[in-house]
Amino acid sequence: METPLLSVQDLRVNFIGDNTVARAVDGVSFDIFPGETVCLVGESGCGKTVSALTILGLVPMPPGKVMGGKILFEGSNLLEQGEEEMQKIRGNRIAMVFQEPLTSLNPVFTIGDQIEEAIKVHEDIEPEILRQRSIQILKDVGIPSAETRLRDYPHQLSGGQRQRVLIAMALSCCPDLVIADEPTTALDVTIQAQILSLFESLQKNWSMSALYITHDLGVVANIADRVYVMYAGSIAEQGNTLQIFNEPRHPYTQGLLASLPSRSKRGKRLHSIPGAVPNPAHKPRGCPFHPRCQFTVESCRSRFPEVCDYGKGHLSRCPVLYEKQE
Amino acid sequence: MLSFIGRSIIQKIVTLFFVSVVSFLIIHLAPGKPSQIDPLNPKFTPEILERFRQEFHLDKPLYVQYLLFYKGLFTGETVSWKDNQSVLKKIWERFLNSLPLFIVGTILTWTLSFPVGIRSAIFRGGFYDRSATFISYLLISVPGFFVAYILIILVVTQLHVPVFGMETFGLQMASWPTKLMDRVWHLLLPSVLGATGGIAVLSRYVRSQMLEVEGQDYVRTAKAKGLPPDQVHYKHALRNALLPFVTMFGLILPGLIGGSVIIESIFAWPGMGRMAYEAILARDYPVILTVNFISAVLVLAGTFVSDLLYLVVDPRIRL
Ligand SMILES: Nc1ncnc2c1ncn2[C@@H]1O[C@H](COP(=O)(O)OP(=O)(O)OP(=O)(O)O)[C@@H](O)[C@H]1O
Ligand SMILES: [Mg+2]
């Protein structure tokens, strides 16, 4: 079997407050194979961003603290790398596009400066070639009149253009893996679709792996090879896109799918999962989903559910449904 | 750009006019009159008093007094009521005395606050940060004159250097290196003391600015690119953290006048602040009003400089 490019194993990250401990990431595991697009899906606050930031060592510490687990990138554990090794990996091998395009660019430097800087820090490169490359990459992400745009400041660009610049910056060193953290949530719908297809085509053309974080299952259906459904800091269900969409095996995934608007459900009221995501500082005992679940039995309240294997890489953490199936 | 400068200047002149009217009125509404300084003084006969009132136009209506006063100010004819010297000449002399104190103090404040504040922010919560915080709050909460006396006692008794005034009396015949060292010693203590409060406050402010900026998304982006910490802190964060200080930089100009009354009094330094203070005690209206007017000019000039600097450093502000 192929070895994964990135393998996150039982990752745990806490945020330590004055008198609370928030277990934001609580035993997350996932693999990303070369060339693959993996989606991490889950409601707001379930720990997606924190998982991604931990991979690059960007979680603010304190208050954050990695409590355990491994992040294997090409076999070496990123959690054990020193700051200088991590600098060589960030942007160069693993790049990230952030959730907030409006505030993620530095307002006092031109976008040319900011793109060139991303390349210069990893490569020895002539100034003239550097410029050409920045212009080319701005063209690649679909920014018209790239030559003059390089001299613009972020505030002179629209939100969609800024996200394009951030994608350009992330892809500028041809990383092996791009992490895109909900790159379209802050943008309006038509722009979202453009950015999404841009991202997908660039990533496929340059044969990069991608970890695409989103809470939008519609996006997942479009781009994912495999899907990880995350709930309250851990993975509830994983499988390839068909498995997840056609045979969801976790009540949470089923709930998410049922709340997806679709043509067949036209005119009917949209389903929504009752209740809300638990606060990571006060998670319920046992299965974190049990207070919102319609299948809850006694054991759900006391025991953290084990993984049930449906074969072909389709795993779910719901023994109740697994037993019903048999 | 030019229209901005033009508009700004006109606006500042209008403001200056209102300041001049208001300060003139306030001075005249304040209780007490210069012509009553000392009714017990036997030389102050009613005739002299009357002559005095006429000479300084105190018998005219207020708006005439106002016009006459500012006419005198701009033609340089205004004289102090106390010693009949030209006010502008008096102020100029005192200004030259205050200038070295101001320059050294400002340089000390600005060159020390920034490294201290930035380092505290980058290593927040560490030993350095906590010591800097402790010392700052100590210096902020202990009155300046108290620190001054402790320092004076230390320097005078341990190092045996004189510190009062601007130079040691009777050194006129000494060689120039001796004289120079004497001036430096006299300058050092008051400037350091004048700067300590400023350093304590400003370094706190720098720290909090820097902390705020370090938490911004674009700093995270800079780290995610793989930039080394120096570039992250000193290029991406610092450049943004400095923006608000551009405004403050313009506002240090007025400190030339009012910033140093206490220090100048403690060290018997013949500067502007003390002159203004003495003028107030003596109800020497021409001096008070002139100093007031000059401070207003300095404040407005300072804000004007800030506005211009902002144009240069913040690309979001374009006209
Ligand atoms: N710097 C921080 N300090 C304290 N708590 C934090 C910090 N960053 C994240 N958290 C907590 O960790 C939990 C997970 O946050 P995270 O940002 O990973 O959610 P998310 O899944 O990305 O949500 P969203 O879809 O809204 O982006 C949240 O409860 C949040 O309050
Ligand atoms: Mg997030």
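Nothing here was measured: the structure is a model prediction, and the numbers come from that model.

A. Representation of the overall build of chain B in the model. For chain B, the count of helices and strands is 14 helices and zero strands. Buried residues in chain B amount to 40% of all 319 residues. In the structure as shown, chain B presents an accessible area of about 17700 Å², 71% of it carried by carbon and sulfur atoms.

B. Structural view of the overall build of chain A. If you tally the helices and strands in chain A, you get twelve helices and twelve strands. Computed over C-alpha atoms, the radius of gyration of chain A comes to 21 Å, within 12% of the 20 Å expected from 2.2 N^0.38 for 326 residues, which places it in the range of a compact globule. The principal-axis extents of the C-alpha atoms in chain A amount to approximately 65 × 50 × 45 Å. For chain A, buried positions account for 52% of its 326 residues.

C. A look at the packing of helix H3 (residues 62–75) of chain B against helix H14 (residues 285–313) of chain B. All names here are of chain B. Two numbers describe how H3 lies on H14: the axes approach to 11 Å, and their chain directions differ by 70°. As far as their axial angle goes, H14 and H3 are roughly perpendicular. In terms of crossing hand, the pair formed by H3 and H14 is right-handed. Where H3 abuts H14, its residues Phe69, Tyr70, Leu73 and Phe74 lie against Pro286, Leu289, Thr290 and Phe293.

D. Spatial organisation of the coordination of the magnesium ion (ligand 2). Within the protein, the magnesium ion (ligand 2) binds to A:Thr49 (OG1) and A:Gln99 (OE1); these donor distances fall in the range 1.8 to 2.6 Å. In this pair, A:Thr49 sits in helix H1 (residues 48–55) while A:Gln99 sits in the loop between strand E6 (94–97) and helix H3 (111–120), placing the two residues 50 residues apart along the sequence.

E. Spatial organisation of the interface of chain A and chain B. At the junction of the two partners, chain A supplies 25 residues and chain B supplies 20 residues. For the chain A face of the interface with chain B, the top three residues by lost area are A:Val108, A:Phe109 and A:Glu117, together amounting to 25%. Two residues, A:Glu100 and B:Arg220, come together in a salt bridge whose shortest N-O distance is 3.0 Å. There are twelve residue pairs in polar contact (both at pLDDT 80 or more) connecting chain A and chain B. In terms of residue count, the dominant contributor to the side of chain A that touches chain B is H3(A) (three residues). Taken together, the residues that form the side of chain A that touches chain B break down as 13 nonpolar, eight polar and four charged.

F. A look at the nonpolar core. Residue and element names in this part refer to chain A. One finds Ile115, Leu138, Val141, Val165, Ile167 and Tyr212 to be the most contacted residues of the largest nonpolar core, which totals 54 residues. For this core, the element with the most residues is helix H6 (residues 159–171), which contributes seven residues. Leu138 has contacts with Ile111, Ile115, Ile143, Ala146, Arg149, Leu150, Val165 and Ala168, leaving out every residue within four places of it along the chain. Among the nonpolar cores identified, the runner-up in size contains 36 residues, and Val8, Ala24, Ile32 and Leu177 belong to it.

G. Region of the structure containing the packing of aromatic side chains. Using the criterion set out here, one finds 13 aromatic pairs over all chains in the structure. Each ring, one from B:Tyr66 and one from B:Tyr70, has its centre 4.9 Å from the other, and the planes form 55°; the classification is tilted. Note that B:Tyr66 and B:Tyr70 are positioned in helix H3 at a spacing of four residues, about one turn of the helix. Considering the side-chain rings of B:Tyr205 and B:Phe245, the 5.1 Å spacing of their centres and the 65° angle between planes classify their relative orientation as edge-to-face. Residue B:Tyr205 is located in helix H7 (residues 176–214), and its partner B:Phe245 is located in helix H10 (residues 243–250); the two are separated by 40 residues in the primary sequence. For B:Phe245, a relative accessible area of 3% gives the class buried. Ring-pair connections join several aromatic residues into one group, and the members of that group are B:Phe24, B:Tyr66, B:Tyr70 and B:Phe293. Above the face of the B:Tyr128 ring, B:Arg119 is positioned so that its terminal group lies 4.5 Å from the ring centre. The ring of A:Phe109 has B:Lys235 sitting right over it, with the charged end atom 5.0 Å from the ring centre.

Cut-offs used in this document
- Residues numbered from 1 in each chain as written.
- Chains lettered and ligands numbered in written order.
- Predicted model: local features only at pLDDT ≥ 70, side-chain atom pairs only at ≥ 80, totals over all residues.
- Heavy atoms only, no water.
- Helix = DSSP H or I, 4+ residues; strand = E, 2+ residues; numbered from the N terminus.
- Buried < 20%, exposed > 50% of the residue type's maximum accessible area, 1.4 Å probe, protein only.
- Areas by Shrake-Rupley, 256 points an atom, 1.4 Å probe, with all protein chains shown as cover.
- Rg over C-alpha atoms; globule rule 2.2 N^0.38 Å.
- Axes fitted to C-alpha atoms, helices over the stretch in contact; angles between N-to-C directions.
- Parallel < 35°, antiparallel > 145°, perpendicular 65-115°, else oblique.
- Left-handed = near helix turned anticlockwise from the far one by under 90°.
- Contact = heavy atoms within 4.5 Å.
- Donors = N, O, S within 2.8 Å, 3.2 Å for Na, K, Ca; no water.
- Buried area = accessible area lost by both parts, 1.4 Å probe.
- Salt bridge = Lys/Arg side-chain N within 4 Å of Asp/Glu carboxyl O.
- Polar contact = N/O pair within 3.5 Å; in protein donor to acceptor, adjacent residues only side chain to side chain.
- Nonpolar A, V, L, I, M, F, W, Y, C, P; charged D, E, K, R; others polar.
- Core = buried A, V, L, I, M, F, W, Y, C linked by side-chain atoms within 4.5 Å.
- Phe/Tyr/Trp six-rings, centres within 6.5 Å; stacked < 30°, edge-to-face > 60°.
- Lys NZ or Arg CZ within 6 Å of the ring centre and 35° of its normal.

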